[in-house]
Amino acid sequence: SCGEVSGRGVCQDVVPSNSPVGAQFPFSGIDDRENWPIVFYNRTCQCQGNFIGYNCGECRFGYTGPNCTVRRNMIRKEIFRMTTAEKDKLIAYLNLAKRTISPDYVITTGTYEQMNNGSNPMFADINVYDLFVWLHYYASRDAFLEDGSVWANIDFAHEAPGFLPWHRFFLLLWEREIQKVTGDDNFTIP
């Protein structure tokens, strides 16, 4: 459910970008990340207003309140200016994230081809910390080619125009998941 009853969002078909892949990737139709996320799912939530999330159940970054209308500013402290207590809390939160299975997300444990074009799903639970390790790996990993070889001359996460916005969203999502695990809505990544 995408929050259709509450007006938070609607379910819709995924429409992948039809922009051509850059010349640095001379292949087509061989990598799970091409036409993302069509190889794994073809419907998703389109959230309304300040709602966000896989089910439109959370407030967009920078907002809070029951209807996500209250603006909220978060201050991220420079790590070298953190007190010992603040650093200890950060480490404790990261350790908690390493011991907490994500209640909302799973990861793929095989390529779409290994999943026999989706008929043999390969997914696993993961802890909140390693979820973000995996997300970063998946976005930047080498491309697997049709013959089973690997093409290491590409890094979609770092050698593309989406570098800055992708990493900004990645860090905001990581911060949000740590807040949820710890129950500390004031936690910020230094």
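Computed from a predicted model, the values in this text were never measured in an experiment. (Residues numbered from 1 in each chain as written. Predicted model: local features only at pLDDT ≥ 70, side-chain atom pairs only at ≥ 80, totals over all residues. Heavy atoms only, no water.)

> Kindly report on the side chain of Glu 177, identifying the contributing residues and their values.
Among the structural elements, Glu 177 can be located in helix 3 (residues 163-182). Separated by 2.9 Å, the side chains of Glu 177 and Lys 180 make a polar contact. When sequence neighbours within four positions are dropped, the list of residues in contact with Glu 177 reads Tyr 105, Val 128 and Phe 132. (Helix = DSSP H or I, 4+ residues; strand = E, 2+ residues; numbered from the N terminus. Polar contact = N/O pair within 3.5 Å; in protein donor to acceptor, adjacent residues only side chain to side chain. Contact = heavy atoms within 4.5 Å.)

> Give me the state of the cysteines: which residues, what numbers.
Tallying each qualifying case throughout the model produces three disulfides. The disulfide that involves Cys 2 links it to Cys 45, with 1.9 Å between the sulfurs. Note on the Cys 2 and Cys 45 pair: the S-S dihedral is about -80°, so by sign convention the disulfide is left-handed. Taken as a pair, Cys 2 in the segment before strand 1 (9-13) and Cys 45 in strand 2 (residues 43-47) lie far apart in primary sequence, 43 residues in all. Here Cys 2 and Cys 45 have matching classes, each one buried. Sulfur-sulfur distance for the disulfide between Cys 59 and Cys 68 comes to 2.1 Å. Judged by the torsion about the S-S bond (-85°), the Cys 59/Cys 68 disulfide is left-handed. (Disulfide = S-S within 2.5 Å. Buried < 20%, exposed > 50% of the residue type's maximum accessible area, 1.4 Å probe, protein only.)

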